[in-house]
Protein chains: 2
Amino acid sequence: MDCTDFNITIVGLGLIGGSFAMALRKLNPKNIWAIDIDKETLRVAQEMNIIDKGYLNPEIPLSNSDIVILAVYPQKTINFVKSNMSSFKSGAVITDTAGIKSNLIHEIMPVLRKDLDFIGGHPMAGKEESGLKAASKDMFKNANYIITPINGNKEENINLVGTIAKGMGCKRVVYLTPKDHDDIISYTSQLPHIIAVSLIDCNSLIKGTSRFIGGSFRDTTRVATINGELWPELLLYNKENIISKIEDFEKNIKEIKTAIINNDDVFLEKRFEDATRKRKEIVKDV
Amino acid sequence: MDCTDFNITIVGLGLIGGSFAMALRKLNPKNIWAIDIDKETLRVAQEMNIIDKGYLNPEIPLSNSDIVILAVYPQKTINFVKSNMSSFKSGAVITDTAGIKSNLIHEIMPVLRKDLDFIGGHPMAGKEESGLKAASKDMFKNANYIITPINGNKEENINLVGTIAKGMGCKRVVYLTPKDHDDIISYTSQLPHIIAVSLIDCNSLIKGTSRFIGGSFRDTTRVATINGELWPELLLYNKENIISKIEDFEKNIKEIKTAIINNDDVFLEKRFEDATRKRKEIVKDV
């Protein structure tokens, strides 16, 4: 698919939005515009030629954009689409980048104009820093990009989002229902973050702990540096799934604890061997 | 301190023992000998000049060694010292490499000959593979090495073990009581391993999960590839500490779960900000 006739607008020029702008240049679209609440960010992005033009007011870019990519937090994604519904260009493809899908799509679809197409998307990329300064044209290189089509989405528009993802360097484009997306992501992303936070919070009274940490602690706590503004939203929008995953995990921890209490080395050995095998299987092609 | 007059024997020529043998060459000791139950391993090590000579029978090397380094699992460490008590050379320094210290030292000290000195040691190094083939002369490079002296250890012998650690490339030699060692290690090493195993065991029914995992899952589960023979021993020898750490962690997980159930985004945001700050503090100089 050719993007050279398209005007693309990115909403929110932070880590993800900024990286989109940079990576989209390769696809050579007619214009890359951005909407942000911070004038200075837009000025810098324009000066660096990351975008062709920046706007504080969404009306002009939206009414001329064929593709709109929302790169703001879930609640803001919903609010932005609702508040600016009358400004989108007829036939525009709107896609988002939020880490939860069901509730977001559930809020947007009932109010979406019939001449617009909203395709849910979730690039599996990120890092611990935030803001345009942390953005990179290589952010999506080799990443997985999840698209969550629903009834009513036009096939050509679903494909367009996939083409953009591939064009930005993503390794795989994967299609899931919003429901399956939220279930899987609660396990593969949300639960590890909660675990990292819970581990780093333990035992804070040990002084000089840093002298005694090895790779296991460093790796298990890496994502304890977590965006405190974004993550409560992600968890609360995916409440049922994450609660269920936390409870599966609590059950596993409790089984190991019980085995230790009972000196059950046979159970522990089997559990550790199973875990080793599963880890190798699950991670082998990542 | 000069090691050129010393005969050093390594007991167990696996990942750790093999790496010791390789790294010790730099210190230029008179002889590096090894005791192992596997004839072929000894043959290979001798052929590769990793050791000067290998022995299946401990008597000859022990009776001529100034330094003995035990690189076998905790139970085997205890058994070996007890079974071979009459063979050690008078004045020998015996040190070990087990990941738990209190119970091991508690078992060894009452039966140790008065003319021997047992210095507990724990090199904070390792990898997911095992055996001599995975050993490396750089295994201890930049690692932390914990020594756990007790009343009765001679200062010169404590220093000798420290010198060896530094000579092998360790970044820091840290001194702790056996009790503090086991408390800290249950948090910084044992708990992360239990967490990784418990996470990988969740939700095994999701098919094709590997397409949806990002860095957080990959890092949090890295140490789920865990030695099923060694780890039950490590946990059961450190039972009280690890149970208490698991319970601290369970409490933290439960608080986050409760906050999600109650839509308490204020609690979550504060918890995530605290975790981010703590992670940065704890890991900054590692």
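Per chain, residues are indexed from 1 in the order of the written sequence. Written order determines the labels here, with chains lettered from A and ligands numbered from 1. Only residues with pLDDT of at least 70 get local features here, since the model is predicted, and only at 80 or more are side-chain atom pairs given and counted; chain-wide, interface and lining totals rely on the full set of residues. The basis for every side-chain value is the complete set of heavy atoms in the structure, and neither hydrogens nor water enter the calculation.

(A) Here's a closer look at the relation of the copies chain A and chain B. A least-squares fit on C-alpha atoms brings the copies together, and the residues used are those whose pLDDT is at least 70 in both copies. In screw terms, the move from chain A to chain B is a rotation of 180° and a rise of 0.0 Å along the axis, fitting with an RMSD of 0.1 Å. The operation mapping one copy onto its partner corresponds to a two-fold rotation axis. Taking C-alpha positions as reference, the residue of chain A nearest the rotation axis is T220 of chain A, located at 2.1 Å. A symmetric contact is evident, with 100% of the interface residues of chain A recurring at the interface of chain B. In what follows, a contact means two residues having at least one pair of non-hydrogen atoms within 4.5 Å.

(B) Up close: the pairing of strand β6 (residues 117-123) of chain A. All names here are of chain A. Three labels apply to residues, based on accessible area from a 1.4 Å probe with only protein chains included: buried if under 20% of the type maximum, exposed if over 50%, partly exposed otherwise in between. In this text, helices come from DSSP runs of H or I with a minimum length of four residues, and strands from runs of E with a minimum of two, each type numbered from the N-terminal end. Counting buried residues in β6 gives seven out of seven residues, a clear majority hidden from the surface. Neither face of β6 is left uncovered, since the one carrying D117, I119, G121 and P123 and the one carrying F118, G120 and H122 both have all their residues buried. Here, a strand pair is defined by DSSP locating no fewer than two bridges between the strands. Strand direction decides the pairing type here: strand β5 (residues 93-96) and β6, joined by three bridges, are parallel. Of the residues in β6, the one forming a bridge with T95 is I119. Handedness of a crossover is defined as follows: orient the strands so they point away from the viewer, and if the path from the first strand over the helix to the second runs clockwise, the crossover is right-handed. What joins β5 to β6 is helix α5 (residues 102-108), and the crossover it makes is right-handed. In this structure, β6 lies alongside strand β7 (residues 144-148), joined through four bridges in antiparallel fashion.

(C) How the structure looks around the domain arrangement of chain A. All names here are of chain A. In this entry, domain limits derive from an automatic or database-based domain assignment. Looking at the assigned domains, one finds that chain A contains domain 1 (7-176) and domain 2 (181-283). Each of domain 1 and domain 2 has a C-alpha centre, and these two points are 31 Å apart. Put simply, buried area is the surface a 1.4 Å probe can reach on two separate parts but cannot reach once they are joined, added for both. Summed over both sides, the interface between domain 1 and domain 2 buries roughly 1400 Å², with carbon and sulfur atoms accounting for 60% of that surface. Of all residues in domain 1, the largest losses of buried area upon contact with domain 2 belong to Y73, I100 and E128, amounting jointly to 42% of the total for that side.

(D) Expanded view of the packing of aromatic side chains. Residues and elements named next belong to chain A. A pair of Phe, Tyr and Trp rings is counted when the ring centres sit within 6.5 Å of each other, with Trp represented by its six-membered ring. The angle between the planes then sorts it: under 30 degrees is stacked, over 60 is edge-to-face, the rest tilted. Inspection of the entire model under this criterion finds eight aromatic pairs over all chains. Taking 6.3 Å as the distance between ring centres and 80° as the angle between the ring planes, the aromatic pair formed by W33 and Y55 counts as edge-to-face. Separated by 22 residues along the polypeptide, W33 in strand β2 (residues 31-35) and Y55 in strand β3 (residues 53-55) bring together distant segments of the chain. A single burial state applies to W33 and to Y55, both of which are buried. In this structure an aromatic cluster arises from ring pairing among F20, F140 and Y145.

(E) View of the interface of chain A and chain B. Chain A puts 82 residues into the contact, and the matching count from chain B is 83 residues. For the pair chain A and chain B, the two sides together bury roughly 8100 Å², of which 69% comes from carbon and sulfur. Looking at the side of chain A facing chain B, the largest losses of area belong to Y187, F212 and R279 of chain A, adding up to 10% of the total buried there. Whenever a carboxyl oxygen of Asp or Glu lies within 4 Å of a side-chain nitrogen of Lys or Arg, that contact is scored as a salt bridge. Counting across the interface, chain A meets chain B through six salt bridges. Between D219 of chain A and R222 of chain B there is a salt bridge, and its shortest N-O distance comes to 2.3 Å. In protein, a polar contact means a hydrogen-donor-capable atom and an acceptor-capable atom, both N or O and within 3.5 Å, with residues adjacent in sequence counting only if both atoms are side-chain atoms; elsewhere, any N or O pair within 3.5 Å suffices. There are 25 residue pairs in polar contact (both at pLDDT 80 or more) connecting chain A and chain B. Counting only elements with at least two residues in the side of chain A that touches chain B, the list comes to β7, β8 (172-175), α7 (178-200), α8 (215-220), α9 (230-236), α10 (239-261) and α11 (265-283) of chain A. The leading source of residues in the side of chain A that touches chain B is α10 of chain A, at 17 residues. Any residue outside Ala, Val, Leu, Ile, Met, Phe, Trp, Tyr, Cys, Pro, Asp, Glu, Lys and Arg is labelled polar, Gly included; the first ten of those are nonpolar and the last four are charged. Its residues assigned to classes, the side of chain A that touches chain B comprises 41 nonpolar, 19 polar and 22 charged.

(F) Local environment of the pattern of salt bridges. For the structure shown, the criterion picks out 36 salt bridges over all chains. Among the ionic pairs, K82 of chain A bridges to E107 of chain A, the shortest N-O distance being 3.1 Å. Separated by 25 residues along the polypeptide, K82 of chain A in helix α4 (residues 74-83) and E107 of chain A in helix α5 bring together distant segments of the chain. A relative accessible area of 31% means that E107 of chain A is categorised as partly exposed. R43 of chain B is paired through a salt bridge with E40 of chain B; the nearest N and O atoms lie 2.8 Å apart. Of the two residues, R43 of chain B and E40 of chain B are both situated in helix α2 (residues 39-47); the distance of three residues between them amounts to about one turn of the helix. Overall, R43 of chain B belongs to the partly exposed group, its relative accessible area being 42%.

(G) Spatial organisation of the environment of F272 of chain B. Tracing the backbone through its elements, the reader meets F272 of chain B in helix α11 (residues 265-283). Note: C-alpha distance between F272 of chain B and F6 of chain B (266 residues apart in sequence) is 53 Å.

(H) Seen up close, the UniProt feature "transmembrane region" (unreviewed entry) in chain A. UniProt positions are given in the numbering used here, feature names are shortened, and annotations may be inferred rather than shown by experiment. Per the UniProt record, "transmembrane region" (unreviewed entry) is found at residues 6-24 of chain A. Secondary structure over residues 6-24 of chain A splits into 53% helix and 26% strand, and the C-alpha atoms at its two ends are 11 Å apart.

(I) Molecular detail of helix α1 (residues 15-24) of chain A. Residue and element names in this part refer to chain A. Of all the ten residues making up α1, ten are buried; the element is thus mostly covered by neighbouring parts of the structure. Every buried residue of α1 is accounted for by L15, I16, G17, G18, S19, F20, A21, M22, A23 and L24. Where α1 is buried, its residues contact β1 (7-11), β2, β4 (67-70), β6, β7 and α6 (155-167).

(J) Inspection of the side chain of N153 of chain B at higher detail. Residue and element names in this part refer to chain B. As for its placement among the helices and strands, N153 is situated in the loop between β7 (144-148) and α6 (155-167). Judged by its relative accessible area of 12%, N153 is buried. Separated by 2.8 Å, the side chains of N153 and D117 make a polar contact. Among the polar contacts made by the side chain of N153, one reaches the main-chain amide nitrogen of I150 at a distance of 2.9 Å. In this view, N153 contacts D117, F118, I119, T148 and I158; residues no more than four positions away in its chain are not counted.

(K) A look at the side chain of H122 of chain B. Tracing the backbone shows H122 of chain B in strand β6 (residues 117-123). Other than its neighbours up to four places away in sequence, H122 of chain B contacts D96, T97, A98, G99, K101, N144, Y145, I146, H181 and I185 of chain B.

(L) Region of the structure containing the pairing of strand β8 (residues 172-175) of chain B. Residues and elements named next belong to chain B. The sheet contact formed by β7 and β8 spans four bridges and is parallel. Paired with N144 across the strands is R172, a residue of β8. For the crossover from β7 across α6 to β8, the handedness is right-handed.

(M) Representation of the sheet that holds β1 of chain A within the structure. Residue and element names in this part refer to chain A. Strand order across the open sheet formed by eight strands is β3-β2-β1-β4-β5-β6-β7-β8, with mixed pairing between neighbours. This sheet does not close on itself; its edge strands, each paired only once, are β3 and β8. Averaged over neighbouring strand pairs, the angle between their axes works out to 25° when direction is ignored. In this structure, β1 lies alongside β4, joined through four bridges in parallel fashion. Bridge pairing in β4 places I8 opposite I67. Axis geometry follows a simple rule: fit a line to the C-alpha atoms, using only the stretch in contact for helices, then measure angles between N-to-C directions, giving values from 0 to 180 degrees.

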